[in-house]
Structures are given as structure tokens and as C-alpha cells.
Protein chains: 2
Amino acid sequence: MAANPKSAGWRLDPQIERDTVPVGDLPLCRVLLMNDANYPWLLLVPRRPDASEIAELDSVERAQLMAEIAETAQSLKAITTCDKINVASLGNVVAQLHVHVIARFRGDVAWPKPAWGAAPPCAYPPDAAAKLITALRQRLVLAAAT
Amino acid sequence: MAANPKSAGWRLDPQIERDTVPVGDLPLCRVLLMNDANYPWLLLVPRRPDASEIAELDSVERAQLMAEIAETAQSLKAITTCDKINVASLGNVVAQLHVHVIARFRGDVAWPKPAWGAAPPCAYPPDAAAKLITALRQRLVLAAAT
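Residues numbered from 1 in each chain as written. Chains lettered and ligands numbered in written order. Predicted model: local features only at pLDDT ≥ 70, side-chain atom pairs only at ≥ 80, totals over all residues. Heavy atoms only, no water.

Caption draft 1: Seen up close, the overall build of chain A. Counting its secondary structure elements, chain A contains three helices and five strands. Taken from N to C terminus, the helices and strands of chain A fall in the order α-β-β-β-α-β-β-α. By the compact-globule yardstick of 15 Å for 146 residues, chain A fits well, its C-alpha radius of gyration being 15 Å. With the C-alpha coordinates of chain A rotated into their principal frame, the extents come out at 45 × 30 × 25 Å. Within chain A, residue pairs in contact and separated by at least 24 positions form 61% of the contacts whose partners lie at least 6 positions apart. (Helix = DSSP H or I, 4+ residues; strand = E, 2+ residues; numbered from the N terminus. Rg over C-alpha atoms; globule rule 2.2 N^0.38 Å. Contact = heavy atoms within 4.5 Å.)

See the structure below:
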């Protein structure tokens, strides 16, 4: 599949790259797993250079972003049987537009508070991250990484 | 305008009602101003009974929710000239589906951390809330409240 010309010049933010493991590409977003075993936590990063606010995407891209949020949220809920999905686009620290999709459990280290900053990140044992990523790849309709 | 039959039986959550001042109704969501002068902070509450996750809305409703998020975010940014918009659907405490749209400033009481729980809510002086609501009503295409 040819890369969308609107993604030309896009590059994943280095801090996001350090904090995550890649899952694959949906039509608009790169999907990544946060390397934090405290919560099953995905990031969706639209491959659009210089975007930092959802409202900077055009209306077609925004609708696609919402479709990809719903698809990843449903997959994460089905795989984890979590109690609640948290969805957020904050970007106060990393400017590159990214959306958090986090599986939350009553009794997780931050519940019922938001996950950001509540506990130090706890890296996955390698097998656990790989198992979750395999389950996600079986549910999501991913393109080859661009 | 006749009420959408899919909104039949919907009622605003009592805790959200206590914490906010109504702004008006967009086609899907009730728009409310959080009574917290620390940040210009809107809530969008889809008028759909029993919804607690974005993924429980159908695809047309989700696209409309995204359009209303973008519309309110753009209006709030234009009115406040804030540095960043934070958008989030958490729902760990109040189950009724609601989306936060928060204007953030470098130097606000929580920056760069998320706004939830960072500082005790600080009620608006009446004139300040009324002024912000008037500015929002001039920009948003609101229906009569249903």
C-alpha cells in the first residue's frame, strides 16, 4: 500500500519511541504499547507532521481517528476484560499529537485516579508484552508499517 | 426541533449536574462548564442513556461526538487563547459517558500535569462564568435545551 502523501515528513517523537513498543499501523495512526505493566496502555499517533491538537486534523482524519480509537478500545477491552477504558489526548509534555487508550481495573495502582504519574512505569517482562501485542495484532486490521 | 428518540430516558448524572453550569445542547451532547475557575473546562455529555464507553456509541454517534469535540475545542481555544487543549473520556468515578475539553495554560495550577485532582475546584465569581458562557454561546451552534 502506497504511503499517504499527507504523512510525508512525519516521524515518531523520540520520547514516545523510547517509552513504547510498536504494535503496527492503522490507516491513520501508529499503534504502540506503553512499556508499563501497571496498565495495558496503548498510544495512537496520527501520522501527520506537526499536528499537536485533534482540531488540527481535517474532518475526515478526525472521523478516522475516532474510528481507530473505538477499534483499539474494543480490542483492548475484549483482550483484557478491564473495567473501564480511559481515552485521552493531553500533550502537555510531548507536543506530537497522540491519544492514550488505557485499560483500567478497579484495584489497579491508580484506580480511580487517572494513570498519568500515579506510579513509576514498570517495564513488562518480555514475554508479557509480546503476548499482549500478538493478541492485539490478531484483532486489529493493521497495515505493514510505513 | 423534535428530540431524538435515542435520547429518550437520558438524564444528566446528578454529580455532573452539581459540578457544572449548563451552556446548551449540541446535536449529540449537552455542553456544560465545570464550575472551576482554575481552568476553562467543558464537559460534553452525549444524550444517550446507559452509555459509559465511547465504543458503546454507534459509528454515526461517534463521528458526531468527534465533530462536537473539535467544535468545542476550537471555540475554547479561540476564546481563551490557551496553550493546549486536553481532551479526555475517563469515567472511573462518574459512569455516565462524558468528555472533558479543558483549556490549559503554561503556568496554570497543574501544568504540565493533568487537571484532575491537581487542585481543589475554585468556584467562578458569577460574572466570570456568565461571560465565558456568553462567549461560548456566540460561537457554538446550539439547539434549544431539550
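Caption draft 2: Focus on the interface of chain A and chain B. With 28 residues of chain A at the contact, the number on the chain B side is 28 residues. Summed over the three residues of chain A that lose the most area to chain B, namely Glu53(A), Met66(A) and Asn92(A), the buried surface amounts to 27% of that side. Lys84(B) serves as the salt-bridge partner of Glu53(A), at 2.9 Å between the closest nitrogen and oxygen. Where the side of chain A that touches chain B is concerned, the elements lending two or more residues are α2 (59-80) and β4 (84-89) of chain A. For the side of chain A that touches chain B, the element with the most residues is α2(A), which contributes seven residues. Split into classes, the residues belonging to the side of chain A that touches chain B amount to 15 nonpolar, six polar and seven charged. (Buried area = accessible area lost by both parts, 1.4 Å probe. Salt bridge = Lys/Arg side-chain N within 4 Å of Asp/Glu carboxyl O. Nonpolar A, V, L, I, M, F, W, Y, C, P; charged D, E, K, R; others polar.)

Caption draft 3: Main features of the relation of the copies chain A and chain B. Each copy superposes on the other: chain A lies on chain B with an RMSD of 0.0 Å after a rotation of 180° and an axial shift of 0.0 Å. What we have between these two chains is a two-fold relation. Using C-alpha coordinates, one finds that chain A approaches the rotation axis most closely at Ala88(A), a distance of 2.0 Å. In this assembly, 100% of the residues forming the interface of chain A have copies in chain B that are likewise at the interface, indicating an isologous arrangement. (Least-squares fit on C-alpha atoms with pLDDT ≥ 70 in both.)

Caption draft 4: Seen up close, the sheet that holds strand β3 (residues 41-46) of chain B. One open sheet accounts for 10 strands, arranged β1(A)-β2(A)-β3(A)-β5(A)-β4(A)-β4(B)-β5(B)-β3(B)-β2(B)-β1(B); its pairing is antiparallel. Looking at strand neighbours, the two that pair on one side only are β1 (20-25) of chain A together with β1 (20-25) of chain B, the edges of this open sheet. When strand polarity is set aside, the average angle formed by the axes of neighbouring strands in this sheet is 20°. Bridge analysis of β1(B) against strand β2 (residues 29-34) of chain B gives five bridges, and the strand direction is antiparallel. Note that in β2(B) the partner of Pro22(B) across the bridge is Leu32(B). (Pairing = 2+ DSSP bridges. Axes fitted to C-alpha atoms, helices over the stretch in contact; angles between N-to-C directions.)

Caption draft 5: Here's a closer look at helix α2 (residues 59-80) of chain B. If you check α2(B), its first and last C-alpha atoms are 31 Å apart, about what 22 residues at 1.5 Å a residue would give, namely 32 Å. Buried within α2(B) are the following residues: Glu61(B), Arg62(B), Leu65(B), Met66(B), Glu68(B), Ile69(B), Ala70(B), Thr72(B), Ala73(B), Ser75(B), Leu76(B) and Thr80(B). Looking at the packing, one finds that the buried side of α2(B) touches α2 of chain A together with β2, β3, β4 (84-89), β5 (99-104) and α3 (126-139) of chain B. Capping of α2(B) at its N-terminal end is provided by Asp58(B); its side-chain oxygen lies 3.1 Å from the backbone amide nitrogen of Val60(B). With its phi angle positive at about 50°, Thr81(B) sits one or two positions after the end of α2(B). (Expected span 1.5 Å × (residues − 1). Buried < 20%, exposed > 50% of the residue type's maximum accessible area, 1.4 Å probe, protein only. Polar contact = N/O pair within 3.5 Å; in protein donor to acceptor, adjacent residues only side chain to side chain.)

That is the geometry; function is a separate question.
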